[in-house]
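Architecture at a glance
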Amino acid sequence: MSDLSAEAQPTATHSGTFDWWREAPRSAKKTLLAASLGWMLDSFDVMLYSLVLASLMADLHLSKGTAGILGSVTLLAAAVGGLTFGIIADRFGRTRALMASILIYAVFTAACGLAHNFGQLAVFRILLGLGMGGEWASGASLVSETWPAQHRGKALGFMQSSWAIGYALAALVVAVVMPVGGWRAVFLVGVLPAFFTLWIRRDIEEPEVWKKARTTISSTFGGFTELFRGRLLRSTIVLTLMNACCLFAWWGFNLWVPAFLSLPVSHGGIGLTSAAMSIVVIVMQVGMWFGYVTFGFVSDVVGRKKTYITYLLVASALLFFYGTTRAPLLLLILGPFVAFFGTGYFTGFAAVTAETYDTRIRATAQGFTYNAGRIVSAAAPFTVGSLAQRHGFGAAFAAGAISFLLAAFFWIWIPETKGRAFAEAS
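These figures come from a predicted structure and were not determined experimentally. (Residues numbered from 1 in each chain as written. Predicted model: local features only at pLDDT ≥ 70, side-chain atom pairs only at ≥ 80, totals over all residues. Heavy atoms only, no water.)

1. A few points about the overall build of the protein chain
On a plain count of helices and strands, the protein chain comes out with 19 helices and zero strands. By the compact-globule yardstick of 22 Å for 426 residues, the protein chain fits well, its C-alpha radius of gyration being 20 Å. Looking at the protein chain as a whole, 61% of its 426 residues are labelled buried. Long-range contacts, defined as pairs at least 24 residues apart, comprise 84% of the intrachain contacts of the protein chain with a sequence gap of at least 6. When the accessible surface of the protein chain is split by element, carbon and sulfur atoms take 70% of a total near 15300 Å². The centroid of the 30 positive side-chain charges in the protein chain is displaced by 5 Å from the centroid of its 20 negative side-chain charges. (Helix = DSSP H or I, 4+ residues; strand = E, 2+ residues; numbered from the N terminus. Rg over C-alpha atoms; globule rule 2.2 N^0.38 Å. Buried < 20%, exposed > 50% of the residue type's maximum accessible area, 1.4 Å probe, protein only. Contact = heavy atoms within 4.5 Å. Areas by Shrake-Rupley, 256 points an atom, 1.4 Å probe, with all protein chains shown as cover. Lys, Arg positive; Asp, Glu negative; His and termini not counted. Charge placed at Lys NZ, Arg CZ, Asp CG, Glu CD.)

The following block contains the structure:
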């Protein structure tokens, strides 16, 4: 029997570009909205740190390396959170895991605004990271299980695209709040996503496919060990390594690009004001949004593998060139293209992992393959910060470009999964 619920079965009409949305059941639209808003608010809270980093470093007297350590510990905590919440989502439900993760990252983002030294800020960033990591695994499973196979890439594309919206909103808040209240006030705004959980609790139900599989879900560690048995062993290892390379490049670039733009020229930056930096970042998010959405549509037609490799190779070339550019206008032009190709591929990761593992272990698998990759990528903020300190941002961003090339290389061992029904992946 197919894992897809009867309500989410595809219809026969494919005449219009947006028929996939119009024909979807109301419950599928609501789960996509809930997961998208959760991911958007996750981005909003997490990226506030990078956007205020230059001011925070000056106020708390942090070096680039120390600031990078804070970014790294956040990613390590996110990995733990993702692994934990993946198991929770499989055992207790996608919506419960989603609500808990949002509450955690919202509360501790606000707490960052109360920190007065490195130690306090590190504790709050670690706790924030736990919630940040948990949101993706539960949200991606929620969407994957309520949309039919031929439209799964599109739906996940729109979910992933909400990260760009959250990042842009964070930049807008920084532009408005920072000049008035400073970086502490910016973090305090981050508590607002907590109120979103009230709507999730009231209106979002668990997917039917999860309810049906609930009685067969393995014990906590039994489900986890299945990821390393038989034919799944190679998939788990290669998907994790590929994603680790992608995340290393992404966090190494995106955590540091606001600082790169706003630090004084004497410190290796471009020297933009906080308002000008915010504008450049917001423009980049436009490219990021189109990258996410376009990947979903293209990969539903030509396949996950070809689309993924194309995005990664172009991203590598663009990121290398971006790091060697010093002209603000050229950076403004290049930014959306770097964001388009250097981020859009994440849409494919949610689809590939959903189509590789069955319902009993899907959230656990997505939590592990994504967040084990985060453990490796946790070295990126510190590595890039250290390279920027010693050799400049050109060399620092070149490390990310090489990481994108390695990610493309690992696709040699990842099979095409486009259109695979969940029952086939069991």
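That was the structure; now back to the text.
2. Some words on the nonpolar core
Nonpolar side chains in soluble globular proteins tend to end up buried together. One finds Met-242, Trp-256, Leu-261, Tyr-322 and Tyr-345 to be the most contacted residues of the largest nonpolar core, which totals 127 residues. When residues of this core are assigned to their parent elements, the largest contribution, 15 residues, is made by helix H7 (residues 152–189). If we skip the residues at most four places from it in the chain, Met-242 touches Tyr-308, Phe-349, Ala-407, Phe-410, Trp-411 and Ile-414. (Core = buried A, V, L, I, M, F, W, Y, C linked by side-chain atoms within 4.5 Å.)

3. Topic: unusual backbone geometry
A positive phi is found at His-61, a non-glycine position, where the angle reads about 60°. Mapped onto the fold, His-61 is located in the loop between helix H3 (53–60) and helix H4 (64–92).

4. A word on the environment of Leu-261
Structurally, Leu-261 can be placed in helix H12 (residues 257–262). Looking at Leu-261, the relative accessible area reads 0%, which means it is buried. Sequence separation between Leu-261 and Met-277 is 16 residues, and the spatial gap between their C-alpha atoms is 6.0 Å. Residue contacts for Leu-261: discarding those within four places in its chain leaves Ile-270, Gly-271, Leu-272, Met-277, Val-280, Val-281, Tyr-322 and Leu-331.

5. Some points on the pattern of salt bridges
Taken as a whole and judged by the stated rule, the model has seven salt bridges. Note that Arg-152 is salt-bridged to Glu-355, the shortest N-O span being 3.1 Å. Of this pair, Arg-152 sits in helix H7 while Glu-355 sits in helix H16 (residues 346–356), and the two are 203 residues apart along the sequence. When its relative accessible area of 0% is taken as the criterion, Arg-152 is described as buried. Taken together, the shared-partner salt bridges connect Arg-152, Lys-154, Asp-300, Arg-304 and Glu-355 into one network. (Salt bridge = Lys/Arg side-chain N within 4 Å of Asp/Glu carboxyl O.)

6. Looking at the packing of helix H6 (residues 118–144) against helix H17 (residues 362–377)
The N-to-C vectors of H6 and H17 enclose an angle of 140°; their axes lie 9 Å apart at closest approach. Between H6 and H17, the interaxial angle falls into the category oblique. In the packing of H6 onto H17, the handedness of the crossing is right-handed. In this structure, H6 uses Met-132, Gly-133, Trp-136, Ala-137, Ala-140, Ser-141 and Ser-144 to contact H17, whose residues at the interface are Arg-362, Ala-363, Gln-366, Gly-367, Tyr-370, Asn-371 and Arg-374. Class assignment for the residues of the contact of H6 with H17 results in six nonpolar, six polar and two charged. (Axes fitted to C-alpha atoms, helices over the stretch in contact; angles between N-to-C directions. Parallel < 35°, antiparallel > 145°, perpendicular 65-115°, else oblique. Left-handed = near helix turned anticlockwise from the far one by under 90°. Nonpolar A, V, L, I, M, F, W, Y, C, P; charged D, E, K, R; others polar.)

7. What about the packing of aromatic side chains?
To describe a pair of aromatic rings, you give the distance between the ring centres and the angle between the ring planes. Considering all chains together, one arrives at 32 aromatic pairs under this definition. When the centroid spacing of 5.0 Å and the interplanar angle of 55° are considered together, the rings of Phe-260 and Phe-393 count as tilted. Of the two residues, Phe-260 is situated in helix H12 and Phe-393 in helix H19 (residues 393–410); the sequence distance between them amounts to 133 residues. Residue classification places Phe-393 among the buried residues on the basis of a relative accessible area of 2%. (Phe/Tyr/Trp six-rings, centres within 6.5 Å; stacked < 30°, edge-to-face > 60°.)

8. Focus: the state of the cysteines
The tally for this structure, following the rule as stated, stands at zero disulfides. Sulfur of Cys-245: no disulfide; nearest cysteine sulfur belongs to Cys-246 and is 7.0 Å away. For Cys-245, a relative accessible area of 11% translates into the label buried. Accessibility expressed as a relative area gives 0% for Cys-246, which makes it buried. (Disulfide = S-S within 2.5 Å.)

9. With respect to the environment of Val-177
By secondary structure assignment, the location of Val-177 is in helix H7. Residues Val-177 and Phe-187, 10 residues apart in the sequence, show an inter-C-alpha distance of 9.8 Å. In this structure, Val-177 is in contact with Gly-182, Ala-185, Val-186 and Val-189, ignoring residues within four places of it in sequence.

10. Quick word on helix H13 (residues 274–302)
Helix length check: H13, at 29 residues, gives a terminal C-alpha distance of 41 Å against a target of 42 Å (1.5 Å per residue), a fit within 8%. Looking one or two residues past H13, Gly-303 carries a phi angle of roughly 115°, positive in sign. (Expected span 1.5 Å × (residues − 1).)

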